[in-house]
Amino acid sequence: MRPAPRTPSGLFPAGPPTRPTFREPHPVTGAGVAVGGGAGATWLLLFGLLGTDVASYAWWTVVAGLLAWLAALLLVRHGDRGVATGVAIVTAGGWSIAAAIVAVRWATTADWPLW
């Protein structure tokens, strides 16, 4: 009678993996995040330059940020997630800057500047 063969431990695989391995077509890289950050900063800058006062600057920044986040959502689903991450990070930073400017104007004039 022969002893039953031992099941290999997996330390030294004897063949191809039993399940396929997934490789991302666009892995997140630092370069992709930097490109997305630069594109997002340029986008917010161009929209911010349309503002003539604090209120219009803040509203243009909100609109630009919403459009940038829609683009980032599309990139997450169908494109480069690294670029989408850079766009989202810079957009959040741009919104924070706009909120700080509104808060400083509100604190110094005691008048809400957005309407």
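Just above, that's the structure.
This report concerns the structure included in the present document. Model, not experiment: these values are computed from the prediction.

1. Thoughts on unusual backbone geometry
Part 1 of the argument: Backbone geometry at A110 places phi at a positive 60 degrees, although glycine is not the residue there.
Part 2 of the argument: Within the secondary structure layout, A110 lies in the segment after α3 (81-109).

2. With respect to the side chain of T61
Part 1 of the argument: One can find T61 in helix α2 (residues 54-78).
Part 2 of the argument: Classification of T61 as buried rests on a relative accessible area of 3%.
Part 3 of the argument: Engagement of the side chain of T61 in a polar contact is seen with the backbone oxygen of Y57, the distance being 2.7 Å.
Part 4 of the argument: Look past the residues within four positions of T61 in its chain and what remains in contact with it is L44, G94, W95 and A98.

3. Looking at the side chain of T91
Part 1 of the argument: Note that T91 resides in helix α3.
Part 2 of the argument: There is a polar contact of 2.7 Å between the side chain of T91 and the backbone oxygen of V87.
Part 3 of the argument: Setting aside residues no more than four positions away along its own chain, T91 makes contact with L44, G65, A68 and W69.

Thresholds, definitions, all that
Residues numbered from 1 in each chain as written. Predicted model: local features only at pLDDT ≥ 70, side-chain atom pairs only at ≥ 80, totals over all residues. Heavy atoms only, no water. Helix = DSSP H or I, 4+ residues; strand = E, 2+ residues; numbered from the N terminus. Buried < 20%, exposed > 50% of the residue type's maximum accessible area, 1.4 Å probe, protein only. Polar contact = N/O pair within 3.5 Å; in protein donor to acceptor, adjacent residues only side chain to side chain. Contact = heavy atoms within 4.5 Å.

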